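Each chain, written out:
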Amino acid sequence: MSIVVKNLNFSYGNRKIIEDVSFTAEEGELLVILGPNGVGKSTLFQCILGLLPGYTGTITVNGDNARNIGIRELARRMAYIPQIHSPVFNYTVFDIVLMGTASQISEIGIPGKEHIRLAEEAIERLEIGHLRDRAYTQISGGERQLVMIARALAQKAKILVMDEPTSNLDYGNQIRILSHIKSLVKQGYTIIQSSHNPDQAFLFSDKVLALLEGRVLAYGSPKDVISGDVIKQLYSIDVEVENLHNGKVRIFLPSALVNH
């Protein structure tokens, strides 16, 4: 599954939020959208997910114009993993994952053996079988993020859209989540995620889209996009760039601390 965005624009009234944004995420690629708060990342995701249809430009999902794809069919192709998820009721982890199969069930139907199998497989795939019967609201933030990814896998969508999946997680859980994401990419999933962390984007992504004030500042491979100049423009901070292991690792150090 691939997704192609061309000349995308979106406004709230006279206020432009997204302006002439274009990019491609191919099958088996991780595209990271990098940028500060308020630059249009969430609005971009909502356009892609069909939640804000009032855009101009085109969004193509595996060769089909997204405007011509019904909501149920779009859910079969694309899943969304939010940054924060707080259900009204205290469902078990298994119930949350099983909800991912909703697009495969009729409006008056109930989950069958196949849907239960999909949920169980997704739970095992993310190695959270020990959480199966735990209350979702009583597990850690990192565990909840894994549950949300498992729910997306049960949905059987091959495009995953993730809103800052490592936000507010400790270092260990960040690496666990990113490792699972990279593993899914290797299995053929197409993943688009937003991030504030240039180090993570450099290490894990296949492509980076730097977004500033609703426009594309830079787009391409991590080594070409993630530079001291781009970081300064995105976050208004001077950084020193250190390349390690023959350029395979790039670390950004605030100049104020280095020169202190």
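The following refers to the structure shown.

Rules and cut-offs
- Residues numbered from 1 in each chain as written.
- Predicted model: local features only at pLDDT ≥ 70, side-chain atom pairs only at ≥ 80, totals over all residues.
- Heavy atoms only, no water.
- Axes fitted to C-alpha atoms, helices over the stretch in contact; angles between N-to-C directions.
- Helix = DSSP H or I, 4+ residues; strand = E, 2+ residues; numbered from the N terminus.
- Parallel < 35°, antiparallel > 145°, perpendicular 65-115°, else oblique.
- Left-handed = near helix turned anticlockwise from the far one by under 90°.
- Contact = heavy atoms within 4.5 Å.
- Pairing = 2+ DSSP bridges.
- Salt bridge = Lys/Arg side-chain N within 4 Å of Asp/Glu carboxyl O.
- Buried < 20%, exposed > 50% of the residue type's maximum accessible area, 1.4 Å probe, protein only.

**Regarding the packing of helix 5 (residues 141-154) against helix 6 (residues 171-186)**
Following both chains from N to C, one finds helix 5 and helix 6 inclined at 15 degrees, their axes separated by 9 Å at the closest point. It follows from the interaxial angle that helix 5 and helix 6 lie roughly parallel. Seen along the crossing, helix 5 lies across helix 6 with a hand that is right-handed. Contacts between helix 5 and helix 6 involve Gly142, Gln145, Leu146, Ile149 and Leu153 from the former and Asn173, Ile177, His180 and Leu184 from the latter.

**Re the sheet that holds strand 9 (residues 207-212)**
With respect to topology, 6 strands assemble into an open sheet ordered 6-7-8-3-9-10, the strand pairing being mixed. Looking at the sheet topology across the chains shown, the edges are occupied by strand 6 (78-81) and strand 10 (215-220). Looking at each pair of strands side by side, their axes are set apart by 15 degrees on average, direction ignored. Where strand 7 (residues 159-162) meets strand 8 (residues 190-195), 4 bridges bridge the pair, whose relative direction is parallel. Bridge assignment links Val161 to a residue of strand 8, and that residue is Ile192. Docked against the sheet, helix 6 engages strand 3 (30-34), strand 7 and strand 8, running at close to 150 degrees with respect to strand 8. Each of strand 3, strand 8, strand 9 and strand 10 touches helix 9 (residues 228-235); the most contacted strand, strand 9, lies at about 40 degrees to it.

**Looking at the pattern of salt bridges**
On inspection of all chains with the given rule, the structure shows 13 salt bridges. One salt bridge in this structure joins Glu29 and Lys207, with 3.2 Å as the shortest N-O distance. Highlighted residues: Glu29 in the loop between strand 2 (15-25) and strand 3 and Lys207 in strand 9, separated in sequence by 178 residues. We classify Glu29 as buried; its relative accessible area is 17%.

**Things to note about the sheet that holds strand 5 (residues 64-65)**
Read from one edge of the open sheet, 4 strands run 2-1-4-5, paired in antiparallel fashion. The strands lining the two open edges of the sheet, one partner per strand, are strand 2 and strand 5. With respect to the sheet, helix 1 (residues 41-48) is in contact with strand 1 (3-12), strand 2 and strand 4 (56-61), its orientation differing from that of strand 1 by roughly 115 degrees.

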